Amino acid sequence: MMSKPYSAALPIARIVLKILIVLNWLSGAAILALLVVMPNQQWIMAAFDLSPSPETERLIMGMRAIAVLGLVVVPLSYVVLKRLLAIVESVRAGDPFVATNASRLQAIAWALLALQLLSIVIGTIAKALSTPAHPLNLDAGFSINGWLAVLLTFVLARVFAEGALMREDLERTV
């Protein structure tokens, strides 16, 4: 009987994913705290060195809208991280090509698609708010790598589904 090759990547991935899940929820709590206990407009103006103007009000409202969209990112990221952790656990158990993992990958793909769409919306808001006097530079908008990840994940989900079907067929014939 052949032993399975050891990979340090799996234990590391497991730890990193667990840390990312906690950090994801903490970032959501921080965003929520900023929205709920949002400092008054004077504090925001001082923090961002803004002078009173109609542009300032628009900028503050836009930043609040971006923060609300940031709250939507948290559960979507949780979907990705939690399902990826479950896939890592199934690989550790030696049973990755199962229909459950295909479903997990499908859910990850849909969540990544939603995250990419949100990134475009956030980037559009930031671009609309940004002025030469008050540039709003966010790492958001269209990302070719993000869209490739979405496509790759949908394809990988299909590969896992086919692998699970082939495995079931093999088990029935043996």
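My aim in this report is to walk through the structure given alongside it, one point at a time. Source: prediction; values computed, not measured. (Residues numbered from 1 in each chain as written. Predicted model: local features only at pLDDT ≥ 70, side-chain atom pairs only at ≥ 80, totals over all residues. Heavy atoms only, no water.)

This part takes up the overall build of the chain. Along the chain, the regular secondary structure elements total 5 helices and 0 strands. A globule of 174 residues ought to have a C-alpha radius of gyration of about 16 Å, yet the chain, at 22 Å, is considerably larger. Each principal axis of the C-alpha distribution contributes one length, and for the chain these read about 75 × 25 × 25 Å. In the chain, which comprises 174 residues, the share counted as buried stands at 31%. Long-range pairs, those at least 24 residues apart, make up 76% of the contacts in the chain between residues at least 6 apart in sequence. (Helix = DSSP H or I, 4+ residues; strand = E, 2+ residues; numbered from the N terminus. Rg over C-alpha atoms; globule rule 2.2 N^0.38 Å. Buried < 20%, exposed > 50% of the residue type's maximum accessible area, 1.4 Å probe, protein only. Contact = heavy atoms within 4.5 Å.)

This part covers a nonpolar patch on the surface. A cluster of nonpolar side chains, namely Ile-12, Ile-15, Val-16, Ile-19, Leu-20, Val-22, Leu-23 and Leu-26, defines an oily patch on the protein surface of about 710 Å² accessible area. Here Leu-26 is to be found in helix H1 (residues 9-36). Given a relative accessible area of 51%, Leu-26 falls into the exposed group. (Patch = residues over 30% accessible without salt bridge, like charges linked within 9 Å, V, L, I, M, F, W, Y side chains within 5 Å. Areas by Shrake-Rupley, 256 points an atom, 1.4 Å probe, with all protein chains shown as cover. Salt bridge = Lys/Arg side-chain N within 4 Å of Asp/Glu carboxyl O.)

What follows is about the side chain of Thr-153. With respect to the helices and strands, Thr-153 occurs in helix H5 (residues 144-173). Here Ala-149 takes part through its backbone oxygen, which lies 2.6 Å from a polar atom of the side chain of Thr-153. If sequence neighbours within four positions are ignored, Thr-153 has contacts with Leu-105, Ile-108, Ala-109 and Leu-112. (Polar contact = N/O pair within 3.5 Å; in protein donor to acceptor, adjacent residues only side chain to side chain.)

Attention shifts here to the environment of Phe-154. Mapping Phe-154 onto the fold places it in helix H5. Judged by relative accessible area, which is 22%, Phe-154 ranks as partly exposed. Taking the C-alpha atoms as reference, Phe-154 lies 9.0 Å from Ala-107; in sequence the two are 47 residues apart. Once you skip the residues sitting within four places of it in the chain, Phe-154 turns out to touch Gln-106, Ala-109 and Trp-110.

Before going further, it helps to spend a moment on the packing of aromatic side chains. What characterises a pair of aromatic rings is the spacing of the ring centres plus the angle enclosed by the ring planes. Throughout the structure, instances matching the rule amount to 3 aromatic pairs. Ring geometry for Trp-110 and Phe-154: centres 5.0 Å apart, planes at 85°, overall edge-to-face. One end of the pair, Trp-110, is in helix H4 (residues 99-129); the other, Phe-154, is in helix H5, with 44 residues separating them in the sequence. (Phe/Tyr/Trp six-rings, centres within 6.5 Å; stacked < 30°, edge-to-face > 60°.)

This part takes up the nonpolar core. Core analysis: the largest hydrophobic core is formed by 22 residues, its most contacted members being Met-63, Ile-66, Leu-105 and Leu-136. Contributions of two or more residues to this core are made by helix H3 (54-92), H4 and H5. Ranked by the residues each element gives to this core, the list is headed by H4, at 9 residues. When residues no more than four places from it in sequence are discounted, the contact partners of Ile-66 are Ile-122, Ile-125, Ala-126, Leu-129, Leu-136 and Leu-138. By size, the runner-up hydrophobic cluster in this structure holds 5 residues, among which are Leu-17, Leu-81, Leu-85 and Val-88. (Core = buried A, V, L, I, M, F, W, Y, C linked by side-chain atoms within 4.5 Å.)

In an α-helix there are 3.6 residues to a turn, and that puts residues three or four apart on one side. Look at H3: 57 Å from first C-alpha to last across 39 residues, which is about the 57 Å you get at 1.5 Å a residue. One or two residues past the end of H3 sits Gly-94, with phi positive at roughly 85°. (Expected span 1.5 Å × (residues − 1).)

Turning to the pattern of salt bridges, a few remarks are in order. Under the defined criterion, the tally for this structure stands at 4 salt bridges. As a salt-bridge pair, Glu-89 and Arg-14 come within 2.5 Å of each other at their nearest N and O atoms. Residue Glu-89 is located in helix H3, and its partner Arg-14 is located in helix H1; the two are separated by 75 residues in the primary sequence. Between Arg-167 and Asp-95 there is a salt bridge; the shortest N-O distance is 2.2 Å. A residue pair is termed long-range when its members are at least 10 positions apart, and Arg-167 in helix H5 and Asp-95 in the loop between H3 and H4 qualify at 72 residues. Taking the relative accessible area as the measure of exposure, Asp-95 reaches 29% and is therefore partly exposed. Via salt bridges that share partners, Arg-14, Glu-89 and Arg-92 belong to a single interconnected network.

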